[in-house]
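# Inside the fold
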Amino acid sequence: MNRENSKKLFVRALDIIPGGVNSPVRACKNVGNEPTFIDHAQGCMIFDEDGNGYIDYIGSWGPMILGHSHPSVIDAVSSVLKRGTSFGAPTDLEIILAEMVVDAVPSIEMVRMVNSGTEATMSAIRLARGFTGRDTIVKFDGCYHGHADALLVEAGSGVATLSIPGSPGVPKSFVSHTLSLPYNDIDSFIEVMEKRGENIACVIVEPVAGNMGLVAPKHGFLETLRDLTKQNGSLLIFDEVMTGFRVAYGGAQSLYGISPDMTCLGKIIGGGLPVGAYGGRREIMEHIAPQGPVYQAGTLSGNPVAMAAGIATLTQLKAPDFYDTLDKKADRLLSGLVNAAEKAEINVTGNRVGSMLGLFFTDREVLNFDNAKTCDLEMFSAFYNGMLEKGNFLAPSQFEALFVSAAHDTEHIDTTITAAKEVMQGLRK
Ligand SMILES: *Cc1c(COP(=O)(O)O)cnc(C)c1O
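Residues numbered from 1 in each chain as written. Predicted model: local features only at pLDDT ≥ 70, side-chain atom pairs only at ≥ 80, totals over all residues. Heavy atoms only, no water.

### Comments concerning the nonpolar core
Counting 75 residues, the largest nonpolar core has Phe245, Leu314, Leu317, Ile346, Phe383 and Met424 as its most contacted members. The element that contributes the greatest number of residues to this core is helix 12 (residues 322-343), accounting for 10 residues. Lining this core are residues from two domains, each supplying at least three of them: domain 1 (4-69 + 320-428) and domain 2 (71-317). Apart from residues lying up to four places away in sequence, Phe245 is in contact with Ile65, Val101, Ala104, Gly251, Leu265, Ile268, Ile269, Leu314, Leu317 and Tyr323. In this structure, Cys143, Phe238, Phe360 and Ala372 belong to the second largest nonpolar core, which totals 29 residues. (Core = buried A, V, L, I, M, F, W, Y, C linked by side-chain atoms within 4.5 Å. Buried < 20%, exposed > 50% of the residue type's maximum accessible area, 1.4 Å probe, protein only. Helix = DSSP H or I, 4+ residues; strand = E, 2+ residues; numbered from the N terminus. Domains from an automatic or database assignment. Contact = heavy atoms within 4.5 Å.)

### Looking at the environment of Glu49
With respect to the helices, strands and loops of the structure, Glu49 is situated in the loop between strand 2 (45-48) and strand 3 (53-56). Residues Glu49 and Phe37, spaced 12 residues apart in sequence, show a C-alpha to C-alpha distance of 5.8 Å. Setting aside residues up to four positions removed in sequence, Glu49 forms contacts with Asn5, Leu9, Phe37, Ile38 and Asp39.

### Description of the sheet that holds strand 13 (residues 392-393)
An order of 1-2-3-13 is seen for the 4 strands of this open sheet, with the pairing classed as mixed. Both outer strands of the open sheet, strand 1 (38-42) and strand 13, are each paired with one neighbouring strand and no more. One ladder, built from 4 bridges, connects strand 1 with strand 2; its direction is antiparallel. Within strand 2, the position partnered with His40 by the bridge is Phe47. Packed onto the sheet, helix 15 (residues 410-427) meets strand 2, strand 3 and strand 13 and runs at close to 105° relative to strand 3. (Pairing = 2+ DSSP bridges. Axes fitted to C-alpha atoms, helices over the stretch in contact; angles between N-to-C directions.)

### A word on the domain arrangement of the chain
Domain assignment breaks the chain into domain 1 (4-69 + 320-428) and domain 2 (71-317). Distance from the C-alpha centre of domain 1 to the C-alpha centre of domain 2: 25 Å. Counting residues at the interface gives 33 residues for domain 1 and 39 residues for domain 2. The contact between domain 1 and domain 2 buries some 2,800 Å² in all, and 70% of this surface belongs to carbon and sulfur atoms. Joining domain 1 to domain 2, the criterion identifies 0 salt bridges. Of all the elements in the fold, those that place two or more residues in the side of domain 1 that touches domain 2 are helix 12, strand 11 (349-353), strand 12 (356-360) and helix 13 (369-373). (Buried area = accessible area lost by both parts, 1.4 Å probe. Salt bridge = Lys/Arg side-chain N within 4 Å of Asp/Glu carboxyl O.)

### Regarding the pairing of strand 3
Strand direction decides the pairing type here: strand 2 and strand 3, joined by 3 bridges, are antiparallel. Bridging across to strand 3, Ile46 finds its partner in Tyr54. Direction of pairing for strand 3 relative to strand 13: parallel, over a ladder of 2 bridges. Within strand 13, the position partnered with Asp56 by the bridge is Phe393.

### Overview of the sheet that holds strand 5 (residues 136-140)
Strands belonging to one sheet form pairs held by backbone hydrogen bonds; the direction of such a pair is parallel or antiparallel. In space, the 7 strands of this open sheet follow the order 4-10-9-8-7-5-6, with mixed pairing throughout. Of all the strands in the sheet, the pair left with one neighbour each is strand 4 (110-114) and strand 6 (178-181). Adjacent strand axes in the sheet meet at a mean angle of 20° when their direction is disregarded. Against the sheet, helix 8 (residues 221-232) contacts strand 5, strand 7 (200-205) and strand 8 (235-239), and its axis sits at roughly 145° relative to strand 8.

### A word on the environment of Cys28
By the element assignment, Cys28 lies in the loop between helix 1 (4-16) and strand 1. Residue class for Cys28 comes out buried when judged on its relative accessible area of 5%. Once residues within four sequence positions are removed from consideration, Cys28 is found in contact with Asn33, Glu34, Pro35, Tyr384 and Pro396.

### Some remarks on the site of the ligand
Around the ligand lies a shell formed by Ser116, Gly117, Thr118, Tyr144, His145, Gly146, Glu206, Asn211, Asp239, Val241, Met242 and Lys267. Between the ligand and the protein, one listed contact pairs an oxygen atom with a backbone N or O atom of Gly117 at 2.9 Å. In the model, a nitrogen atom of the ligand is placed 2.7 Å from a nitrogen or oxygen of the Asp239 side chain. Protein burial of the ligand: of its 380 Å² of free accessible surface, 82% is covered by the chains. Looking at the shell around the ligand residue by residue, the class counts come to 3 nonpolar, 6 polar and 3 charged. (Near = heavy atom within 4 Å. Polar contact = N/O pair within 3.5 Å; in protein donor to acceptor, adjacent residues only side chain to side chain. Areas by Shrake-Rupley, 256 points an atom, 1.4 Å probe, with all protein chains shown as cover. Nonpolar A, V, L, I, M, F, W, Y, C, P; charged D, E, K, R; others polar.)

### Description of the packing of aromatic side chains
What the rule picks out here adds up to 9 aromatic pairs. Taken together, a centroid distance of 5.1 Å and an interplanar angle of 75° make the contact between Phe245 and Tyr249 edge-to-face. Like Tyr249, Phe245 is buried. Measuring from ring centre to ring centre gives 5.1 Å for Phe322 and Tyr323, while their planes differ by 70°; the resulting arrangement is edge-to-face. Tyr323 carries the same exposure label as Phe322, and that label is buried. Following the ring pairs from residue to residue traces out a cluster consisting of Phe140, Tyr183, Phe189 and Phe221. (Phe/Tyr/Trp six-rings, centres within 6.5 Å; stacked < 30°, edge-to-face > 60°.)

Here you go:
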């Protein structure tokens, strides 16, 4: 496969953009490769600057649940663009999207729009601290909540990909109020709440973890978080930036039947434009300025172009059987990948919730970050590179989820499975 143009662009980019990219994992460094520079994308296909087409399972890291360049999203954005791109004053579009979010997610009574998932989680934490008057927060190893200082402790996604526990530039004192516990470990959570519950402002969790590969919550884990936060007057924050509108229209909370105090959203609600949101119980949300004292603001927050993309996307997701159909496709893909590995006598564990999946090169269950870290990452790299060469755009890190979109049809998925069979045979020891 000729990738000359991508190579040339990368050389230019490296000179003036740190690492040549505007977000670390895109560099594909840990899989011994270089970034693919994209020209355009349509449906489930993404095309690079050398004219190569790939079946895309990254989906811009989650937002593109309808596939790329969906006509209704492109139309909505184009028509709003003609009215202007940002006003710094409210529009009806913000109310429409907020109403859609409140309708979709019953635990959200009020919602504030921001511009990224990072902003959503950072603001939710501030609000939880402001509301409770407490400082300590609890997170879980391998969960990624964006790159705000307090949350860059044992984080997943790019932080895990680069094997760093935290980050230089985050003062120790800034993370001294952050406790990070093993995901799915009910006992250690109970112990911490018993000892320190009354000082804990909030517990933030990915209800389905999608930033250490894909790890589902064990039965009882989310329930315990709910019960003990309630008992201790701490807020439970579901970071549904990835899972919101992904695993179900109402997010992971509707799938597992748990009602958090606050929810963070992003990715899909922006339909491919920069949007994040945080919402929750009215009594909590009323603490945000200008209604309350907790400050949070944004020049471009709620801008009409992003709102239009979000509204158009959510509207499509309401189609009957949308999530069932997606679920079946994702199941077909994961079973095919696992089967391809088994035929080649390679140990893999496949995890899936809805259209999010993770493939780990290990013979053990993957229930937490420690499990994910002990998988065979060299094997993963070889698999990634083999699949790329055969026209499949997979996340270039085992610590990222794969996504199936509505634009993938059975043929695309079977093409990927056929490629996986060949690549896996090549990896046979
Ligand atoms: C992607 C992600 C974020 C960060 O969102 P950005 O828009 O990249 O800032 C936060 N939390 C979760 C669970 C995510 O998947």
